[in-house]
Amino acid sequence: MAQIRLGQSRFASPKPVNILELNYAKPQKFRIAEIKAVGLSTLDEVAIISLSGLKIDDRIDVPGDAISGALKKLWGQGIIGDVKILVTKIEGEDIYLLLDLTERPRFSRVEFGGINKTQEGELRDKVNIRGRVVRDDVLNTAKRNIEKYYLDKGFLNTEVKIIQDRDTTLPNSVKLRFDIDPKSKVKINEIAFYGNDEISDRALKGKLKKTKEHARVSIFKDVYSRLLDVDKESLTRSLLSSQVATSEEVNSYINKNFKLNFFNGSKYIPKEYRSDKEKAISFYNSKGFRDAKILEDSIYKFNEDKINIDISLEEGNKYYYRNITFTGNYIHDDDILLAKLGIQKGDVYDKETLDKRLNYDPQKGDDVSSLYQDNGYLFFSIDPVEINVSGDSIDLEMRIFEGPQVTVNSVGIKGNDRTSDHVVMREIRILPGQKFNRSLLVRTIRELSTLGYFDPEKINPDLRPNFESATVDIIFELEERPNDQIELSGGWGGFFGFVGTVGLVFNNFSIKNIGDFKKWDPLPVGDGQKLSLRIQANGQAFQNYSLSLSEPWFGGKKPNSLSFAFNHSVQRQVDYFNQTPGGGDLGFFKITGVTLGLSKRITWPDDYFSISNSLQFQNYEFNQFGTSFGLSYPTGNSKSVTLNTTVARNNVDNTIYPRQGSNIILSANMTPPYNSLNKSLNEESGDQEKYKWLEYHKWMFDASFYTPLFGSTKFVASARAHMGFLGSYGNKIGIIPLERFVMGGDGMNFNNFALGQEIVGLRGYENQTITPGKNSRGTANPEPYGGVVYNKYVMELRFLVSPNPSATIFLLTFAEAGNNWGDYKDFNPYDLKKSAGVGARIFMPAFGLLGVDWGYGFDAMPGTLKPSGPQFHFTIGQQFR
């Protein structure tokens, strides 16, 4: 390393003496009369002298331990490149010392070459050495951090070149440059297992979640790419007929290389590989092979950018449970504990399942620990000990420590920066003074998650127990996430006019804080009320204006929700080729409605139930439009007053991506039977008189179930069922032509323009195509538009790509079936229109849930002979039906 030499000292002695050159055989004792330091450019002289440990008036031996110790201390700081201790003058017993120093240079700038801006930005956080002293260990650490960064991305052969140049713009400074060549990503060519007699290679490779083989095509690339969807036999025949290889080569290739890996990366990452090896052994343990272990594994180069992995296993014996006993249990008998454990004599020995059944089973929530911890025994612990292993059988002794019953001393929250404390605290189920209850703690986490104000992945209950006082303090750590939504889309459709949507949803609104401008963000927030404003338009053909406000804790003491909603919709029939003022308007249909609702949570049959009631008034006005939905007169006016009662049970764990639980809803809409009681009306009365006040009853049933799959929180199965029935109070009026069911397509009101009807989606078919009366619209005697009874069934397999609250993404594949009937006598629950497909969803707090689906309809739409075929669907928001 380059060093700056001071030359002759500027102090009194023309030739300072280096203490190290003095005679150690005859040390002399001196008093330090003066200490000075030279050669410093950035360091403080007083601080350096202090670091040496030498002080004025100290009596030292020269030469001696004090001087050598001072040299070691200065060297040990790592900031000095060279150091000498010189004597500038000796007067009697007084000695004058000079610390002749050379500072190490510092890094003034750090640059990167050979990489993009994104990688450079990430590496600057990992290589933060600007301003630090130039040392080999600092450079080596920086180089290792860079190599590790690329290693974690699958680049095993990264080359890092370090270039140092003196920085002439700053004193004693060095510019540093890392020239990086990541090379190619190293992929895994083949993973081979040895010694696995009981479990297949395929099963073990399936447990290596992040360590996958590369999909190979070798010399058969062209043929193989055209035959991805065929089986092995078809591929074999095609390869032989192509004459690119002999039969022996084909058979060898098929047996060894027929594997696809399009959804999982095949890059080799050591950290993930180590984790996957543990998963493979855990899989063995779950099958009873408690002694399974990896004897050795080797990783070797296949070619320049691929490696092979060989893993040698020792499976050991397969074990089974035999006798299970309990000790230390005074509160619950052995029989109760054994029944709760759910493991029988002769079951396969599975450590993972045993641990879940003893401590916490997230899917069932019904384990041995729950018996105690739901009754205050927070300190409860249970330790399974193998007391006898004989042949293939294992005897277990469950050693229990019950501990004292614990009382909740205090409950607090932190991290709710926007949401008021009372909004959070009213959702907490575990309260001070209660016995500790694990189920209530888990329930509180669910309730806080479903509020939508906090990141559900980061809700953390911090338990602070005190064994001596048998109490616990609980603090719920929260992290706010954006939850207001803005919906803004649109464009100019020529003579169609403006097409688009403007919507604002404030999910944490506060009426109380309207006058407190400090709490506007951008509107007053914090009290958990919901304000929604929305305008939709499709030119002149359709407009919708809606406003709603809800208070989930009306009165502030109980979870009684009060809601108010106003809606005005207009649908027009327009002749776009008639541009004269008013000449293009062929008729309109307007609905104006006001709804007032009140709902409450109930505790029977359990406290996941709620019941709600609402009263709605709607005014239907139509001009040259009545015949479009089956009325005998084109222009008129109808009104309705409807009472809705809904009973629901909802225990899903997350509103955006539910992993478990169910949501079951039964609702009934009923109008007063005033027309049926009107003796002046009969079956021969005109439609205008019959439908002046609409009367009907409508029943809707919706059920959704969510179950995690494969022991993972990312794979979820979703099963749904939907049914609806529209009825009348008798034959005097019959079933009205409005409020019927319209099926097909994406299920969105904005895309369907079916005012006065209940819209039900069915992917794989065009909007509204599964609708009775559709083909008679515009005829002289139109049938009522819409069905009076429908059912629909949906099965989805979902995969969570990203749980990030700012952009939650999941993929899905679905199969669904449904149908819609215009008369009860035609109802056949087995006559269903079927479809299947794939889709994707992304939830962004600012825009809500956005989705795209591709579905294939297997059946013909009414009035057609061919299957519906492929259809794309785009959705905004949660689609319930």
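(A) Up close: the packing of aromatic side chains. The final tally for this structure, using the stated rule, is 21 aromatic pairs. Here tyrosine 674 and tryptophan 693 contribute two aromatic rings whose centre-to-centre distance is 5.5 Å and whose plane-to-plane angle is 70 degrees, an arrangement assigned as edge-to-face. Of the two residues, tyrosine 674 sits in helix α15 (residues 674–677) while tryptophan 693 sits in the loop between α16 (687–690) and β27 (697–708), which places them 19 residues apart along the sequence. A relative accessible area of 25% means that tyrosine 674 is categorised as partly exposed. The partly exposed category is assigned to tryptophan 693, whose relative accessible area is 31%. Members of the aromatic cluster, each reached through a chain of ring pairs, are Tyr149, Tyr150 and Phe155. Lying across the ring of tyrosine 96, lysine 89 places its NZ or CZ 4.4 Å from the centre.

(B) Examining the sheet that holds strand β7 (residues 159–166) more closely. The three strands are arranged β6-β8-β7 in an open sheet whose pairing can be described as mixed. Single-partner strands in this sheet number two, and they are β6 (106–113) and β7. Neighbour to neighbour, the strand axes of the sheet diverge by 20 degrees on average, direction disregarded. As defined by bridge partners, β6 adjoins strand β8 (residues 173–181) across seven bridges and the pair is classed as parallel. Counterpart to phenylalanine 107 in the pairing with β8 is valine 174. Sheet contacts for helix α3 (residues 117–126): β6 and β8; angle to β6, the most-contacted strand, approximately 150 degrees.

(C) Spatial organisation of the packing of α3 against helix α4 (residues 136–151). Two elements in contact, α3 and α4, have axes whose closest approach is 10 Å; the angle formed by their N-to-C orientations is 130 degrees. Judged by the inter-axis angle, α3 sits oblique to α4. α3 and α4 meet at a crossing whose hand is right-handed. The residues of α4 that touch α3, namely those facing Gln119, Glu122, Leu123 and Lys126, are Asn145, Ile146, Tyr149 and Tyr150. Residue composition of the contact of α3 with α4, by class: four nonpolar, two polar and two charged.

(D) Empty space enclosed by the protein, seen in detail. Scanning all chains against the criterion turns up three cavities of 30 Å³ or more. Its boundaries defined by the atoms lining it, the second largest cavity holds a volume of some 90 Å³. For the second largest cavity, the full set of lining residues is Asp455, Pro456, Glu457, Arg481, Asn654, Ile656, Tyr657, Arg659, Leu800, Pro803, Pro805 and Thr808.

(E) Representation of a nonpolar patch on the surface within the structure. Taken together, Ile486, Leu504, Leu533, Leu547, Phe564, Phe566, Val594, Leu596 and Phe847 make up a surface patch of nonpolar side chains, about 690 Å² in accessible area. Classification of leucine 533 by relative accessible area gives partly exposed; the value is 36%.

What counts as what
- Residues numbered from 1 in each chain as written.
- Predicted model: local features only at pLDDT ≥ 70, side-chain atom pairs only at ≥ 80, totals over all residues.
- Heavy atoms only, no water.
- Phe/Tyr/Trp six-rings, centres within 6.5 Å; stacked < 30°, edge-to-face > 60°.
- Helix = DSSP H or I, 4+ residues; strand = E, 2+ residues; numbered from the N terminus.
- Buried < 20%, exposed > 50% of the residue type's maximum accessible area, 1.4 Å probe, protein only.
- Lys NZ or Arg CZ within 6 Å of the ring centre and 35° of its normal.
- Pairing = 2+ DSSP bridges.
- Axes fitted to C-alpha atoms, helices over the stretch in contact; angles between N-to-C directions.
- Contact = heavy atoms within 4.5 Å.
- Parallel < 35°, antiparallel > 145°, perpendicular 65-115°, else oblique.
- Left-handed = near helix turned anticlockwise from the far one by under 90°.
- Nonpolar A, V, L, I, M, F, W, Y, C, P; charged D, E, K, R; others polar.
- 1 Å grid on protein atoms, 1.4 Å probe; cavity = no way out; pocket = protein on both sides within 12 Å on 5 of 7 lines; lining within 4 Å.
- Points joined across faces, edges and corners; volume = space filled by probe spheres on them.
- Patch = residues over 30% accessible without salt bridge, like charges linked within 9 Å, V, L, I, M, F, W, Y side chains within 5 Å.
- Areas by Shrake-Rupley, 256 points an atom, 1.4 Å probe, with all protein chains shown as cover.
- Salt bridge = Lys/Arg side-chain N within 4 Å of Asp/Glu carboxyl O.

So yeah, pure geometry; function would need other evidence.
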